[in-house]
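# Structure assessment
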Amino acid sequence: MSFTDIKHIEELEAESIFVLRETAAQFEKIALLFSGGKDSIVVSHLAQKAFWPAKIPFPLLHIDTGHNFPETLAYRDEWAEKIGAKLIVRYVQDSIDQGKAVEEKGYNASRNVLQTITLLDAIEELKLDCALGGARRDEEKARAKERFFSHRDEFGQWDPKNQRPELWNLFNGKKHMGEHFRVFPISNWTEIDVWQYLQKENIPLPSLYFSHQRKVIARDGMLLADSEFITKKMTEVAAEKSIRFRTIGDMTCTGAVESSASSIEEIIQEVAASRTTERGTRHDDKRSEAAMEDRKKNGYF
């Protein structure tokens, strides 16, 4: 990286650490929403720096759909142990068993939307007044409407037209009983910023982010990992390709890209040349033009 790149990354890091410290100062019960993806990994690494030499003063909270990549779950457990953070896991399957969520059926069935129910139950159970997340404004148009401190009402809902101003990095965390906030410390980062930071800090990552051989099926212009969780159509035949993932989520909706990038340097070059955002590889975002915004209004990450 050039001196300019390093300076830019250091400025973003300082801003994010400031947001994390402000969060700890304003809220009492905090959890970091951890998916095992690169963005939540970066936020947890930043939290280490923000509160060093003390331990991270809040747990990692993972909402497990039951349809996660095995590599993600293995990394999640190893990373939580490595950074000395408490890990709390809540399961979508429990929400289904309790009759709070209904399993989708059909070729496009996914548990991704059902995470919202499990998350809101976890927030109520743990009495959280703040949930930290790794969302960034460059990911998707609904994400671009977020503030650093995103207010949620007592039903966990988000109103994009009623966002509080954040002039001069002054954050308003005031809330009524039952309400909570989502806080996004890396809002101003881009995908390339994240990769450059991972490279600079030499942070280990799940192997899914790097090129590997995997059987995939082609659907709606996307490549989905062949798994027991996906119902294939008669015309869909799994084929082995050299792929990697730009985002990591539920296996039923996380699309792959054909790639030979086996290092972070190669990934940075690949992302720089790409003309689609990383959310463009998510099948759940293609359900409607406002899919992400609709989910966020209902309490999604």
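Look up a bit, the structure's there.
The notes below deal with the structure included here. (Residues numbered from 1 in each chain as written. Predicted model: local features only at pLDDT ≥ 70, side-chain atom pairs only at ≥ 80, totals over all residues. Heavy atoms only, no water.)

Each helix and strand in the protein was counted, giving 8 helices and 10 strands. Classification of the 301 residues of the protein by burial places 54% in the buried group. Within the protein, counting contacts between residues at least 6 apart in sequence, those at least 24 apart form 73% of the total. For the protein, the distance from the average position of its 43 positive side-chain charges to the average position of its 49 negative side-chain charges is 2 Å. (Helix = DSSP H or I, 4+ residues; strand = E, 2+ residues; numbered from the N terminus. Buried < 20%, exposed > 50% of the residue type's maximum accessible area, 1.4 Å probe, protein only. Contact = heavy atoms within 4.5 Å. Lys, Arg positive; Asp, Glu negative; His and termini not counted. Charge placed at Lys NZ, Arg CZ, Asp CG, Glu CD.)

Right, let's talk about helix α5 (residues 115–125) for a bit. Restricting attention to buried positions, one finds in α5 the residues Gln115, Thr116, Thr118, Leu119, Ala122 and Ile123. Around the axis of α5, the buried residues are gathered within 165° of arc, so they sit on the same side. Looking at the buried residues of α5, the elements they touch are β1 (30–33), β2 (60–64), β3 (87–91), α4 (92–97) and β6 (180–183). One or two steps after α5, the chain reaches lysine 127, where phi turns positive at roughly 60°. (Arc of directions from axis to C-beta.)

Let's shift gears to the sheet that holds strand β4 (residues 130–132). If you trace the 6 strands from one edge of the open sheet to the other, you get β3-β2-β1-β4-β6-β5, paired in mixed fashion. The strands lining the two open edges of the sheet, one partner per strand, are β3 and β5 (149–152). On average, each strand axis in the sheet is inclined to that of its neighbour by 30°, with strand direction left out of account. As paired elements, β4 and β6 share 3 bridges and run parallel to each other. Among the inter-strand pairings, alanine 131 is bridged to a residue of β6, identified as arginine 182. Sheet strands touched by helix α3 (residues 70–83): β2 and β3. Its angle to β2, the strand with the most contacts, is close to 170°. Its contacts with the sheet place α5 against β1, β2, β3 and β6, and it is angled at close to 145° to β2. (Pairing = 2+ DSSP bridges. Axes fitted to C-alpha atoms, helices over the stretch in contact; angles between N-to-C directions.)

Further remarks concern the pairing of β3. Judged from the 5 bridges that link them, β2 and β3 form a sheet pairing that is parallel. The residue of β3 that forms the bridge with leucine 61 is isoleucine 88. Handedness of the β2-α3-β3 crossover: right-handed. (Right-handed = clockwise from strand over helix to strand, strands pointing away.)

What follows deals with the sheet that holds strand β10 (residues 255–258). Here we have 4 strands rolled up into a closed barrel, ordered β7-β8-β10-β9, and antiparallel in their pairing. Recorded for the sheet is a direction-independent mean angle of 70° between the axes of neighbouring strands. Bridge count between strand β7 (residues 212–219) and strand β8 (residues 222–225): 4 bridges; the pairing is antiparallel. Considered in β8, the bridge of arginine 219 is made with methionine 222.

A surface patch of nonpolar side chains, about 430 Å² in accessible area, is lined by Leu167, Trp168 and Leu170. Mapped onto the secondary structure, leucine 170 falls in the loop between β5 and β6. The class for leucine 170 is exposed, based on a relative accessible area of 56%. (Patch = residues over 30% accessible without salt bridge, like charges linked within 9 Å, V, L, I, M, F, W, Y side chains within 5 Å. Areas by Shrake-Rupley, 256 points an atom, 1.4 Å probe, with all protein chains shown as cover. Salt bridge = Lys/Arg side-chain N within 4 Å of Asp/Glu carboxyl O.)

Per the counting criterion, the structure on display carries 11 aromatic pairs. Put simply, the rings of Phe18, Phe27, Phe148, Phe149, Phe171 and Phe181 pair up and form one aromatic cluster. (Phe/Tyr/Trp six-rings, centres within 6.5 Å; stacked < 30°, edge-to-face > 60°.)

With 14 residues, helix α2 (residues 38–51) should cover 20 Å at 1.5 Å per step; its first-to-last C-alpha distance of 20 Å lies within 8% of that length. The buried fraction of α2 is high, at 12 of 14 residues. The complete set of buried residues in α2 reads Lys38, Asp39, Ser40, Ile41, Val42, Val43, Ser44, His45, Leu46, Ala47, Ala50 and Phe51. (Expected span 1.5 Å × (residues − 1).)

This brings us to the side chain of lysine 38. Note that lysine 38 resides in helix α2. For lysine 38, the side chain forms a polar contact with the main-chain oxygen of arginine 246, separated by 3.1 Å. (Polar contact = N/O pair within 3.5 Å; in protein donor to acceptor, adjacent residues only side chain to side chain.)

In contact at an axis separation of 10 Å, helix α6 (residues 191–201) and helix α7 (residues 264–273) are set at 170° when each is read in the N-to-C sense. For the element pair α6 / α7, the angle class is roughly antiparallel. Contact residues: α6 offers Glu191, Ile192, Trp195, Gln196, Leu198 and Gln199, while α7 offers Ile264, Glu265, Ile267, Ile268, Val271 and Ala272. Across the contact of α6 with α7, the residue classes break down as 8 nonpolar, 2 polar and 2 charged. (Parallel < 35°, antiparallel > 145°, perpendicular 65-115°, else oblique. Nonpolar A, V, L, I, M, F, W, Y, C, P; charged D, E, K, R; others polar.)

Interpretation in functional terms is not warranted from these geometric data alone.
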